Amino acid sequence: MPTPLLSIKNLRISFKHEKEWVEAVHGIDLEVFAGRTLGLVGESGSGKSVSSLAVMRLLNERNSQIKADSIRLGDDEIKDFNESQMATVRGKRIAMIFQEPMTSLNPVYKCGYQVSEMILQHEGRQAVHRYARPAAHVIPTEERGSVSMGSRTRYDMHREAKERVIKLFKQVMLPRPEAIYDSYPHELSGGQKQRVMIAMAIACQPQLLIADEPTTALDVTVQLEILKLLRQLQAETGMGMIFITHDLGVVAEIADDVAVMHNGEIMERGTVQQILSHPKHPYTQGLLACRPPMDVRLKRLPVVKEFLDGQWQGGKEQILKDLQITDEERQAHLKQLYSQSPILKVEHLQTWYPLRKGVFSRVYGHVKAVDDVSLEVYEGETLGLVGESGCGKTTLGRSILRLVEPTGGKVWFDGIEVTALKGQALRDFRKQAQIVFQDPYSSLNPRITIGEAIAEPMQVHGIENDASKRRKAVCDLLEQVGLQAEHYDRYPHEFSGGQRQRICIARALAVNPRLVICDESVSALDVSVQAQVLNLLNRLKKERNLTYIFISHDLSVVRFMSDRVVVMYNGTPVEMEDADQLFEHPQNAYTKKLIAALPGRGIHETY
């Protein structure tokens, strides 16, 4: 049996809450081997990330306590290392890719400088580090030979660091590595920022790489490229890896071994084949089952709590028996749906953004975010909009609602030309068409209670002018979306991500709309919470006869939700078809590429 690269014995982590210590991780054991990847899986709050942060000693010591019998890295017992000793471990022997690259990269420094800083720091050149310049990265001529390190000057070392960074950028397959070296984080896409973080993490060739949800908010194609890149780097360097995620589909693509965490404990562990094909614990079975299936259509998704409560003892066979939609039911639903007139028509819609340059901001071109889009949506239908980031999905949704003014084309809603509406007529249209935004954290005002946030659209549109009746209507909405009436006076920070998304859905429904645009409304949620929100949206659709435009880059979610699907590329629809037909028999090469990139398609559950 080989010696583990990292061995953790009886790790316990506590946090201070109102002068009391609350244990969040309850005595877990983990082992990671060189050249192998351990997938650490679980919902938000299960203890995955804090366990890895504890190993790196990155938790705030004032409000956290870390206890363990042993945390061993190679031959060293790092549990007893002091801060200066840990500083030599972080980045050099253990590196970490954080979940959100935009907040992990410093916005005021260029990307190349931030990676160079890592190299210079861990080569013991603190004196050189003082002279690093974030903007041009050039040391004045008069300083270049002033202090030498043997035969090498500070200038030589900065030049060598820059060469290494550009080589790293090429290794992680960043386009135009020299230009990206001198780019700020905000100038890069999400996938490019994540590649910069990977380059920074592998800059000093660590023995162990911890990847904390590195692909959660990325498109499936970019996600596939990142997973391939990590596997390739591991094969080249032989490093061990801990891959933290809530998605077992992603684990299937990259992990060798799996540990499933829930409420700070390890529920189940084994090889990736054992865990994904023959899960034993109900929690693992629930995580697998709440992923939207690609081969069958279900009335609703099973949720983790049902498995923990022992509801699905018959496993997959019972789920299919109770929840599967038959072909006859599906065809009858589609026939009824398309026998009526469309509620929304989009004709040759264009939304272009001018590109300007020069002192007088002369327009020299346009970004065609939405370019000649035509489609129809029927009452009671869910139309899926799918494509990579930047393809124009969100801009199309906002252009339909006139949150972004279209450049050309027409939008018709229930026989009324939306693109010609002004003033009160436009406000009346917005009572009938609402949007659920992607990020529930930034789309709620932190200074007002969630009850006031839901009531605000009612006040704006003159619904329920009596305050007591309005409060009762808000409480009814909260209960409809699975929250409680007493939550009315709480603030957004007191709720989880899934609960906040329910609040945003309640706010959208406050004015009794007929059309709701869901803009990536579940993309940042755990698969278990995602299943609950998707079930909620489908239930509300039936109860209120809603029509959805469902925007997402997650194809499995789009198939589960949608009646028809539009695939967009560079602002233009490239394929529009019945959802089942499109996923089973895609015609366009780009659609085929998206479907092929979906992680975990080979999982065969036998629970």
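Rules behind the numbers
- Residues numbered from 1 in each chain as written.
- Predicted model: local features only at pLDDT ≥ 70, side-chain atom pairs only at ≥ 80, totals over all residues.
- Heavy atoms only, no water.
- Pairing = 2+ DSSP bridges.
- Helix = DSSP H or I, 4+ residues; strand = E, 2+ residues; numbered from the N terminus.
- Axes fitted to C-alpha atoms, helices over the stretch in contact; angles between N-to-C directions.
- Contact = heavy atoms within 4.5 Å.
- Domains from an automatic or database assignment.
- Buried area = accessible area lost by both parts, 1.4 Å probe.
- Phe/Tyr/Trp six-rings, centres within 6.5 Å; stacked < 30°, edge-to-face > 60°.
- Buried < 20%, exposed > 50% of the residue type's maximum accessible area, 1.4 Å probe, protein only.

Engineer: Lay out the sheet that holds strand β11 (residues 240–245) with the relevant residues and their values.
Structural biologist: The strands making up a sheet associate through hydrogen bonds between their backbones, and the pairing can be parallel or antiparallel. A sheet is described by the order of its strands in space; here six strands give the open sequence β7-β10-β11-β3-β12-β13, paired in mixed fashion. Strand pairing shows two members of the sheet lacking a second neighbour, β7 (94–97) and β13 (265–271), which therefore form its edges. If you compare each strand with its neighbour and ignore which way they point, the axes differ by 15 degrees on average. Bridging between β7 and strand β10 (residues 208–212) involves four bridges; their strand directions are parallel. Looking across to β10, one finds that M96 is bridged to I210. Against the sheet, helix α9 (residues 220–237) engages β3 (37–41), β7, β10 and β11, with an angle of about 160 degrees to β11.

Engineer: Help me get a handle on the domain arrangement of the protein, residues and values and all.
Structural biologist: Under the domain assignment used here, the protein contains domain 1 (1–93 + 206–276), domain 2 (104–125 + 154–205), domain 3 (285–325) and domain 4 (329–339 + 380–404 + 419–605). Taken over C-alpha atoms, the centre of domain 3 sits 23 Å from the centre of domain 4. Taken together, the 17 residues of domain 3 in the interface contact 23 residues of domain 4. Approximately 1,800 Å² of surface area, both sides summed, lies buried where domain 3 meets domain 4, with 59% of it carried by carbon and sulfur atoms.

Engineer: Give me the lowdown on the side chain of K541, citing residues and values where you can.
Structural biologist: Turning to its location among the elements, K541 is positioned in helix α21 (residues 527–544). Dropping the residues within four chain positions of it, K541 is found in contact with G380, E381, T382, L546, Y548 and D563.

Engineer: Go over the packing of aromatic side chains, please, and point to the residues and values.
Structural biologist: Scanning all chains against the criterion turns up four aromatic pairs. Both rings, one in Y109 and one in Y113, keep their centres 4.9 Å apart while their planes meet at 65 degrees; by these two values the pair is edge-to-face. The exposure class of Y109 is partly exposed, given its relative accessible area of 28%. Owing to a relative accessible area of 6%, Y113 belongs among the buried residues under this scheme.

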